Amino acid sequence: MEQIILNILERLRRGETVDDQVLVKLIHAEARREGADKRMLAKRRLLPFYQRVKREDNERWSAWNVTPELEQCLMQVLRMKPRRTASGVATITVITKPWPCSGDCLFCPNDLRMPKSYLHAEPACARAEQNCFDPYLQVSARLTALTQMGHATDKIELIVLGGTWSDYPREYQIWFVTELFRALNDNAAAGVAANPMLADPGASTRERAAELLEQTDPHEVPQAVLDRRARYRDLGVSTDAEAIARGVASWQQRIDDMSDTDATYNRCVAKLYGKNSPWGRAAEFQVGTLEELERQQRINETAVHRVVGLVIETRPDAVTPQALTLIRRLGATKIQMGVQSLNQHILDLNERGIRLERVAQSFDLLRIFGFKIHAHAMANLLGATPEQDKLDYVRLVSEAAFQPDEIKLYPCALIEGARLCARYEDGSWRPYTEDELLDVLADDVLATPAFTRISRMIRDFSSGDIKVGNKKPNLRQLVELRLGQDQAAARRVEEIRYREIAGREVALDELHLDVVSYKTTNTSERFLQWVDDENRIAGFLRLSLPSQEYVRKHSAELPVHLGEAMIREVHVYGKVAHLHAAGNGAQHMGLGRRLIERACEMAREAGYARINVISAIGTREYYRTQGFVDNGLYQTREL
């Protein structure tokens, strides 16, 4: 591997471009020279090797004569999956433990190894199971992987998925988030030797992780990680995939057969994870306090890995002022929730158990609290048609009662054990053809306004778990390819992700500030965006001007007051750069500061006396430098 690194460095010194195609040729050439297995020299192994030499063999590394500038170029060559931090933030997704769900939707999978609607083969879910669903251990594993793939981890967005958040006990919610902060504050990344990428080729990710946990030198793993693993092991909580599968097999079979009406997901989960189980015993210490949470939050304000966003997943009918107040105290800035459809008949057919009026109320509450709203929308539900789906999506993104900031837009897929299987077998539901599906999604992209981002178009289900329905992981690429075939249509795309400048070079004089205004049922919104002449977006801010009538009417249950505007989000794109390091991406041009100043001017001109920002814990320091002061659930600036 050393020779490959040296060959890359030589080319970079000559000013040559080393892209993935060039790198593959270098790897293959070295494999032939050494008579080695190409997989032993794969790209995923090069960066951990480089990091290990730099850390453990200083004399050898010094002989390579790698300057800081050259190292930066080398990192760009060796970094795995660069898209993961192209939006400006490194993301860590964690999963809560299996728990009874307040809903029972027709299309939901019922995997007893997971929270409702998730499958154990999904990457984040497999990682969670391997780490006992412990938040600290999950963050440690992901932090280790991101660091060793070459991603900066100064700025972290935490995404908490799993069961409906408010269904879990309050003390568990507090404990879970406290431990997320604690892991980041402890810098709980393991050493290079604990990287699954270094294990033998051919082994699965789960096998590599399990093998390395057993074989890695304890000095490579943080003591807190070792102690937690020992605690779960002593309680009898297994991380062995085969043992876990055997433990739920008979219960899972009863659910999948759908012949035993008593074998519901909730009843089975209560049996498997109840008080008398190892999980029941673990629940005794999975209890947190607000005092410890706030202590960890204060530490994180200046930590090496700062939380710049915290996302919680819930259902619209669980959105109440009381629930949102706690969620905000936890430090959350964005809420994901399943809307799925705005057709009441379709919702009823799919047994969502919710009224549209309640969905609209949840949007009102989330907006007035300042949260970013990330809605889930599903095409091809039971009873839907392609044309109905198109109309439904237009309603979601354009009607004043809804208009989410971000959308997960994905087609319904049939999973073994979901009650939708019976509807497929009797012919009352069928999956859309690929052409029908691409037509729906392409039209949806074209209907998406400039202030909305479609974050993804598929679930992370493996093709083996999907009985029927879309199995192509590159569905979004297929949609964009279809759009690209019509240049006139492609130019009409306003959706944010399609326009993101990501890590590309940005010249400040090429950007101008554009403002998109729109009305909701309880606010007047301003979407401020830095765009170039091709409408590529380098940064944006969401300014919310609440209806004073709405605030006055609901003042007893709201944390905001009359005369207060709200900044709901500030985001500037560019490759993640270290917080204290220089960079030439969009994040380092003062674009965020200029967006904030313009938002304050607009709020003042609209008659507001103060402006709040729903800051993340790790951005509090930044907003203090911009004239904001801590004020309860928010930070506030006088206008």
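About the criteria used
Within each chain, residues carry numbers counting from 1 in the order of the written sequence. Per-residue local features are limited, in this predicted model, to residues with pLDDT of at least 70; the limit for side-chain atom pairs, both in listing and counting, is 80 or more; totals at the level of whole chains, interfaces and linings are taken over all residues. With hydrogens and water excluded, all non-hydrogen atoms of the structure serve as input to the side-chain values. Strands here are runs of E lasting at least two residues and helices are runs of H or I lasting at least four, both read from the DSSP assignment and numbered beginning at the N terminus. Contacts are assigned to residue pairs that have any heavy atoms within 4.5 Å of one another. For every residue, the accessible area obtained with a 1.4 Å probe (protein chains only) is divided by the maximum for its type, and the residue is called buried under 20%, exposed over 50%, and partly exposed between those limits. Any two strands between which DSSP finds at least two bridges are classified as paired. Here an angle of 0 to 180 degrees is reported between the N-to-C directions of two axes, which are lines fitted to C-alpha atoms, with helices fitted over the stretch in contact. Salt bridge, as used here: a side-chain nitrogen of Lys or Arg that lies within 4 Å of a carboxyl oxygen of Asp or Glu. Per residue, pLDDT captures the predictor's confidence, and it can take any value from 0 to 100. Working definition: a ring pair exists when centres of Phe, Tyr or Trp rings (six-membered ring for Trp) sit within 6.5 Å. Plane angles under 30 degrees give stacked, over 60 give edge-to-face, the rest tilted. By convention a nonpolar core is built from buried Ala, Val, Leu, Ile, Met, Phe, Trp, Tyr and Cys residues, the set being connected through side-chain atoms within 4.5 Å. For classification, angles of less than 35 degrees are called roughly parallel, those exceeding 145 degrees roughly antiparallel, those between 65 and 115 degrees roughly perpendicular, and all remaining angles oblique. Each crossing gets its hand from how the near helix is turned against the far one by less than a right angle, where anticlockwise is left-handed and clockwise is right-handed. Just so you know the grouping, Ala, Val, Leu, Ile, Met, Phe, Trp, Tyr, Cys and Pro go in nonpolar, Asp, Glu, Lys and Arg go in charged, and all remaining residues, Gly too, go in polar. Here the arc refers to the set of directions running from the helix axis out to each C-beta atom. For patches, a residue must show more than 30% relative accessible area and have no salt bridge; joins then use 9 Å for like charges and 5 Å for nonpolar side chains, namely Val, Leu, Ile, Met, Phe, Trp and Tyr. Methods summary: accessible areas were calculated by the Shrake-Rupley approach with a probe of 1.4 Å, and residue burial reflects only the protein chains presented. In this charge count, Lys and Arg are treated as positive and Asp and Glu as negative; neither His nor the chain ends contribute. Where a charge sits is defined by one atom per residue type, namely NZ (Lys), CZ (Arg), CG (Asp) or CD (Glu).

Q: Honestly, the environment of Gly 288 in this entry has me stumped. Any pointers?
A: By the secondary structure assignment, Gly 288 is in the loop between helix 13 (278-282) and helix 14 (290-300). Setting aside residues no more than four positions away along its own chain, Gly 288 makes contact with Glu 171, Ile 174 and Trp 175.

Q: Would you mind showing me how to read the pairing of strand 11 (residues 523-531) here?
A: Two faces make up the sheet, and in a regular strand the side chains alternate between them. Summarising burial for strand 11: eight of the nine residues are buried, a large majority. Pairing between strand 10 (residues 512-519) and strand 11: eight bridges, direction antiparallel. What sits directly across from Tyr 518, in strand 11, is Glu 525. Once strand 10 ends, the chain turns through three residues before running back antiparallel as strand 11. Across nine bridges, the pairing between strand 11 and strand 12 (residues 537-546) is antiparallel. For Thr 523, the partnering residue across the bridge sits in strand 12 and is Pro 546. Joining the antiparallel neighbours strand 11 and strand 12 is a turn of five residues, in which Asn 535 adopts a positive phi near 70 degrees.

Q: Is there a simple way to think about the side chain of Gln 296 in this case?
A: Structurally, Gln 296 is set in helix 14. Given the relative accessible area of 3%, Gln 296 is considered buried. In contact with Gln 296, not counting residues within four places along its chain, are Thr 178, Phe 181, Arg 182 and Asn 185.

Q: Where do I start with the sheet that holds strand 6 (residues 406-411) in this structure?
A: Each strand in a sheet pairs with another by means of backbone hydrogen bonds, the pair being arranged parallel or else antiparallel. With respect to topology, seven strands assemble into an open sheet ordered 1-2-3-4-5-6-8, the strand pairing being parallel. Looking at which strands have only one partner, the edges of the open sheet turn out to be strand 1 (90-95) and strand 8 (453-456). Between one strand axis and the next, the sheet turns through 25 degrees on average, direction left out of account. On top of the sheet, helix 17 (residues 356-369) reaches strand 4 (334-340) and strand 5 (372-379); it is set at about 165 degrees to strand 4, its chief contact.

Q: Teacher, can you tell me more about the pattern of salt bridges here?
A: Oppositely charged side chains can pair when the atoms bearing their charge come close. Counting across every chain of the model gives 47 salt bridges. Residue Glu 292 is joined to Arg 182 by a salt bridge in which the shortest nitrogen-to-oxygen separation is 3.1 Å. Placement of the pair is Glu 292 in helix 14 and Arg 182 in helix 8 (residues 170-185), with a sequence separation of 110 residues. For Glu 292, a relative accessible area of 21% gives the class partly exposed.

Q: For this particular structure, what's the right way to read the confidence of the model for the protein chain?
A: Low-confidence regions, as indicated by low pLDDT, have predicted coordinates that should not be scrutinised in detail. Taken as a whole, the protein chain shows an average pLDDT of 89; of its residues, 90% reach a score of 70 or greater. Confidence drops under a pLDDT of 50 for residues 196-209, and excluding neighbours within four residues, the segment shows 32 contacts in the predicted structure. Ignoring residues within four places in sequence, the model shows residues 575-582, a span with pLDDT below 50, making 23 contacts including any to other chains.

Q: Sorry, what's going on with the pairing of strand 1 here?
A: Of all six residues that make up strand 1, five are buried, and the element is covered over most of its length. Alignment of strand 1 against strand 2 (residues 155-161), held across six bridges, turns out to be parallel. Looking at strand 2, one finds that Ile 95 is bridged to Leu 161.

Q: Even after reading the chapter, I still don't get the packing of aromatic side chains, so can you show me in this structure?
A: The geometry of an aromatic ring pair comes down to the distance between the two centres and the angle between the two planes. All told, the structure shown has 18 aromatic pairs when counted by the stated rule. A ring pair is formed by Trp 175 and Phe 285, whose centres lie 6.5 Å apart and whose planes are at 75 degrees; its orientation type is edge-to-face. Of this pair, Trp 175 sits in helix 8 while Phe 285 is found in the loop between helix 13 and helix 14, placing the two residues 110 residues apart along the sequence. Residue Phe 285 is classed as buried on the basis of its relative accessible area, which comes to 19%. By the ring-pair criterion, three or more aromatic residues cluster together here, those being Trp 99, Trp 165, Tyr 168, Tyr 172, Trp 175, Phe 176, Tyr 232 and Phe 285.

Q: Help me out: how do you make sense of the nonpolar core in this one?
A: A general trend in soluble globular proteins is that nonpolar side chains are found buried together. Ile 92, Leu 158, Phe 363 and Phe 371 are the most contacted members of the largest nonpolar core, which has 127 residues in total. The dominant element in this core, judged by the number of residues it contributes, is helix 8, at nine residues. Leaving out residues up to four positions away in the same chain, Phe 371 has contacts with Leu 324, Ile 327, Arg 328, Ala 332, Thr 333, Lys 334, Ile 335, Leu 366, Asp 405, Arg 568 and Ile 614.

Q: Looking at this structure, how should I read the packing of helix 18 (residues 386-398) against helix 20 (residues 434-447)?
A: When two helices pack together, you describe them by how their axes are tilted relative to each other and by the distance separating the axes. At a closest axis distance of 10 Å, the pairing of helix 18 and helix 20 adopts a crossing angle of 20 degrees. One way to sum up the angle between helix 18 and helix 20 is to call them roughly parallel. For helix 18 against helix 20, the interelement crossing comes out right-handed. On the side of helix 18, the interface is formed by Pro 386, Asp 389, Lys 390, Tyr 393, Val 394 and Val 397, while helix 20 contributes Glu 436, Asp 439, Val 440, Asp 443, Asp 444 and Ala 447. For the contact of helix 18 with helix 20, the class distribution of residues is six nonpolar, no polar and six charged.

Q: I'm lost on the sheet that holds strand 13 (residues 564-572) in this one. Help?
A: What the seven strands build is an open sheet, ordered 10-11-12-13-14-16-15; its pairing is mixed. Across the chains shown, the open sheet's two edge strands, defined by having one partner strand only, are strand 10 and strand 15 (629-631). Here the strands of the sheet are splayed against their neighbours by 30 degrees on average, with no regard to which way each runs. Relative to strand 14 (residues 610-613), strand 13 runs parallel, the two sharing four bridges. From the neighbouring strand, Glu 564 faces strand 14, where its bridge partner is Arg 610.

Q: For this particular structure, what's the right way to read helix 21 (residues 475-484)?
A: One full turn of an α-helix is made of 3.6 residues, so residues set three or four places apart face in the same direction. Among the residues of helix 21, those classed as buried are Leu 475, Arg 476, Val 479 and Leu 483. Buried residues of helix 21, seen end-on, are gathered within an arc of 100 degrees and therefore sit on one face of the element. Those residues of helix 21 that are exposed and angled more than 90 degrees off the buried face are Gln 477 and Leu 481.

Q: Would you explain a negative patch on the surface in this entry?
A: A grouping of Asp 509, Glu 510, Asp 533 and Glu 534 is seen on the molecular surface, where their side chains present a negatively charged patch. Position of Glu 534 among the secondary structure elements: in the loop between strand 11 and strand 12. Of the residues examined, Glu 534 reaches a relative accessible area of 65% and is grouped as exposed.

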